[in-house]
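Structural characterization, general
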Amino acid sequence: MATKLSAEEVLRYQQDGVVAPITVIPPAVAKELRRRLESVEKCFPQQIGPEKRNNAHYVLTCLDEIVHHEEILDAVECLIGPDIILTNTVLFIKEPNSLHHVTYHQDATYMGLEPQDGLTAWIALTESTRENGCVRVIQGSHLLDIQQHIDTFGEDNILTRGQQIEDIDEEHALDIELEPGQMSLHHARTIHGSHPNKTADRRIGIALQSFAHPSTRQVHGEDYALLVRGSDGYGNFIKGPRPKAEIDLANVEFRNKVNARLSEILYAGAEKQREY
Ligand SMILES: O=C(O)CCC(=O)C(=O)O
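Residues numbered from 1 in each chain as written. Predicted model: local features only at pLDDT ≥ 70, side-chain atom pairs only at ≥ 80, totals over all residues. Heavy atoms only, no water.

1. Let's talk about unusual backbone geometry
Here is the rule: Each helix is a run of DSSP H or I of at least 4 residues and each strand a run of E of at least 2, with the numbering of both proceeding from the N terminus.
Residue P21 is reached from A20 by a cis peptide bond, and omega for that bond is -10°. Mapped onto the elements of the fold, P21 is located in strand β1 (residues 18–23). Here E114 and P115 are connected by a cis peptide whose omega angle stands at -5°. Here P115 lies in the loop between β5 (113–114) and β6 (119–124).

Below, the structure is given as structure tokens:
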């Protein structure tokens, strides 16, 4: 039984729908992971970029290492139990002094996963602060049903549909500030968003979403996942390969297939579709 989270942290997650900061990767290792990520980004822009941000862990070992990181999984195990799947990853990079932002939303709205009790681990590879647009959450909102979301497709809104819950009282939003190598865990129904990066450095986070129990189902039909810990006695998801090289081009086709399916799920019923 994993004990990465204290009983008090587990209770906080259950009551608030979020727990942070949790230190999982030493700062020097986080710095090196950032260097490796940015080096691949530079050499293979067709594989990593604003429109190529989903499920890069299938082709990059630096992200595969994060996805399988024991300390991260130990914390997730405290909330989900010893059998864990991971459906997707998203690189949320906000460029320096950019207008990129995320409107308030609940992850579970468009993911098609039932039950809606999966969680997101948001890992900081740079510091994530109020100034550079850290994630902000409405504590306790995971206890609500799914709220009405409006698709805005806002130009600088880096969510797929630019989906938005209106009339959020920002006074009650909590800034989740993290150091490189720290993470937050938020429930799939927790309302959250983030403001622009007003600093001279990038804000780099990777969202592992969603971690879930293997009994979880995809209501839109076929879907993909990795079994990251324990066993899967259900077989509800097609299992993916792990990269064998810093960038493993042999997995590109598989990643493209997963992302095409993800788009069908995330944009189901939408009036238009973006490239990510
Ligand atoms: O990175 C951000 O600012 C938003 C992240 C987010 O929406 C998520 O992890 O679900």
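2. Focus: the side chain of N251
The following threshold applies: Whether a residue is buried, partly exposed or exposed follows from its accessible area with a 1.4 Å probe, protein chains only, as a fraction of its type maximum: under 20%, in between, or over 50%, in that order. Every residue pair with non-hydrogen atoms within 4.5 Å of one another is taken to be in contact.
Following the sequence through the fold, N251 ends up in the loop between β16 (238–239) and α6 (252–266). By relative accessible area, N251 is classed as buried at 7%. Setting aside anything within four residues of it in sequence, one finds N251 in contact with Y58, V59, P241, R242 and P243.

3. Some details on the site of the ligand
Applied cut-off: For each residue, the test is whether any non-hydrogen atom lies within 4 Å of the molecule or strand; if one does, the residue is near. Two N or O atoms count as a polar contact when they lie within 3.5 Å, although within protein this holds only if one can serve as hydrogen donor and the other as acceptor, and sequence-adjacent residues are included solely when both atoms are side-chain atoms. For the area figures, the Shrake-Rupley method with a 1.4 Å probe applies, and any residue is considered shielded solely by the protein chains shown. Polar here means any residue outside two lists: the nonpolar Ala, Val, Leu, Ile, Met, Phe, Trp, Tyr, Cys and Pro, and the charged Asp, Glu, Lys and Arg; Gly therefore counts as polar.
If you check the shell around the ligand, you find 14 residues, and the closest are D107, W122, H192, S194 and R203. Side-chain polar atom of H192 to an oxygen atom of the ligand: 2.9 Å apart, as the coordinates give it. Take S194: an N or O atom from its side chain is 2.6 Å from an oxygen atom of the ligand. Computed on the free molecule, the ligand has an accessible area of 290 Å², of which 100% lies beneath the protein chains in the complex. Listing elements by their share of the shell around the ligand, those giving two or more residues are β3 (89–94), β4 (102–105), β6, β12 (192–194) and β13 (203–212). At 3 residues, β13 tops the list of elements feeding residues into the shell around the ligand. Among the residues forming the shell around the ligand, the class breakdown is 5 nonpolar, 6 polar and 3 charged.

4. Some thoughts on helix α2 (residues 27–43)
In plain terms, the rule: Multiplying one less than the number of residues by 1.5 Å gives the expected span of a helix.
Taking 1.5 Å of rise per residue, 17 residues should cover 24 Å, and α2 covers 24 Å from first to last C-alpha, within 8% of that figure. Summarising the contacts, the buried residues of α2 are in contact with α3 (61–67), β3 and β13.

5. Notes on the state of the cysteines
What counts here: Here, a disulfide means two cysteine sulfur atoms that sit within 2.5 Å of each other.
Scanning the entire structure with this criterion turns up 0 disulfides. Free cysteine C43: the closest other cysteine sulfur is in C62, separated by 12 Å.

6. A closer look at the pairing of β6
Heads up, the rule is: Think of it this way: DSSP has to see at least two bridges between two strands before they count as a pair.
Summarising burial for β6: 6 of the 6 residues are buried, a large majority. A two-sided burial pattern is seen for β6, the buried positions comprising L119, A121 and I123 on one face and T120, W122 and A124 on the other. Sheet topology note: the β6/β13 ladder contains 6 bridges and is antiparallel. Bridging from a neighbouring strand, W122 pairs with A207 of β13.

7. Here's the deal with the pairing of strand β11 (residues 182–187)
Of all 6 residues in β11, 6 are buried; the element is thus mostly enclosed. Side chains Q182, S184 and H186 project from β11 onto one buried face, and the interleaved M183, L185 and H187 project onto a second face that is buried too. Where β1 lies against β11, 4 bridges are found, and the strand directions are antiparallel. From the neighbouring strand, V18 faces β11, where its bridge partner is H186. In terms of strand pairing, β6 meets β11 through 5 bridges, oriented antiparallel. Note on β11: the bridge partner recorded for W122 is S184.

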